[in-house]
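What follows is the residue order along each chain.
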Amino acid sequence: MSNSQVRLSVPPEATYARSVRMMAANLAVVCSMNVEEVEDARMVAEEAFVYACATSPHACEITFDVASDGLHMDFSLGAADPTQDPATAGNIELARILLEAVSDSCEIVGDGTALRVAKLVGGVYDAS
């Protein structure tokens, strides 16, 4: 399989979470993930989207890198610190916990401008 890159730009609104989840699930299938891994990739994408939206970006730019080892996703972040807003602090903490539990990697990169997550084929958190 050759590596491919897919980009998606959506408004940072809950209405678009399904589009992000479905794109991640479809691309996970392209990576030859099993059913559990596809579900995990979908969940990783959704929680990363929740996290990104809480940082108040103008748009949520998502880059999906489809590779033989799995699905790597970068989510653009805004400048807001979601942990300082009581309305979003609980949601962002839950999203962070879920990301760390389900993804095979999760880190803030680019001087805080992007959230990078990955779900790997046969990854360490795979339940099968």
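Relevant structure appears above.
Quick caveat, the model's predicted, so the values are computed rather than measured.

Colleague: What is the right way to look at the packing of helix H1 (residues 17-30) against helix H2 (residues 35-54) in this model?
Modeller: A pair of packed helices is captured by two measures, namely the crossing angle of their axes and the spacing between those axes. The contact between H1 and H2 brings their axes to 8 Å, and the two run at 145°. Crossing handedness for the pair H1 and H2: right-handed. Counted together, Ala-17, Val-20, Arg-21, Ala-24, Ala-25, Ala-28 and Val-29 of H1 and Val-38, Ala-41, Arg-42, Ala-45, Glu-46 and Phe-49 of H2 form the full contact between these two elements. When the residues that make up the contact of H1 with H2 are grouped by side-chain class, the tally is ten nonpolar, no polar and three charged.

Colleague: I would appreciate a short explanation of the pattern of salt bridges in the present structure.
Modeller: In a structure, side chains of opposite charge can pair up when their charged atoms sit close to one another. The full count for this structure, using the stated rule, is eight salt bridges. With a shortest N-O distance of 3.0 Å, Arg-42 and Glu-46 are connected by a salt bridge. Note that Arg-42 and Glu-46 are positioned in helix H2 at a spacing of four residues, about one turn of the helix. Linked through salt bridges whose partners overlap, the residues forming this network are Arg-21, Glu-39, Arg-42 and Glu-46.

Colleague: Teacher, can you tell me more about H2 here?
Modeller: Since one α-helical turn is 3.6 residues long, residues separated by three or four positions face the same way. A rise of 1.5 Å per residue sets the reference length of H2, with its 20 residues, at 28 Å; its end C-alpha atoms lie 29 Å apart and thus fit the reference within 8%. Of all 20 residues in H2, 14 are buried; the element is thus mostly enclosed. The backbone nitrogen of Glu-36 lies 3.1 Å from a side-chain oxygen of the residue at the head of H2, namely Asn-34. Directly after H2, the chain includes Ser-56, whose backbone phi takes a positive value near 60°.

Calculation notes
- Residues numbered from 1 in each chain as written.
- Predicted model: local features only at pLDDT ≥ 70, side-chain atom pairs only at ≥ 80, totals over all residues.
- Heavy atoms only, no water.
- Axes fitted to C-alpha atoms, helices over the stretch in contact; angles between N-to-C directions.
- Helix = DSSP H or I, 4+ residues; strand = E, 2+ residues; numbered from the N terminus.
- Left-handed = near helix turned anticlockwise from the far one by under 90°.
- Contact = heavy atoms within 4.5 Å.
- Nonpolar A, V, L, I, M, F, W, Y, C, P; charged D, E, K, R; others polar.
- Salt bridge = Lys/Arg side-chain N within 4 Å of Asp/Glu carboxyl O.
- Expected span 1.5 Å × (residues − 1).
- Buried < 20%, exposed > 50% of the residue type's maximum accessible area, 1.4 Å probe, protein only.
- Polar contact = N/O pair within 3.5 Å; in protein donor to acceptor, adjacent residues only side chain to side chain.

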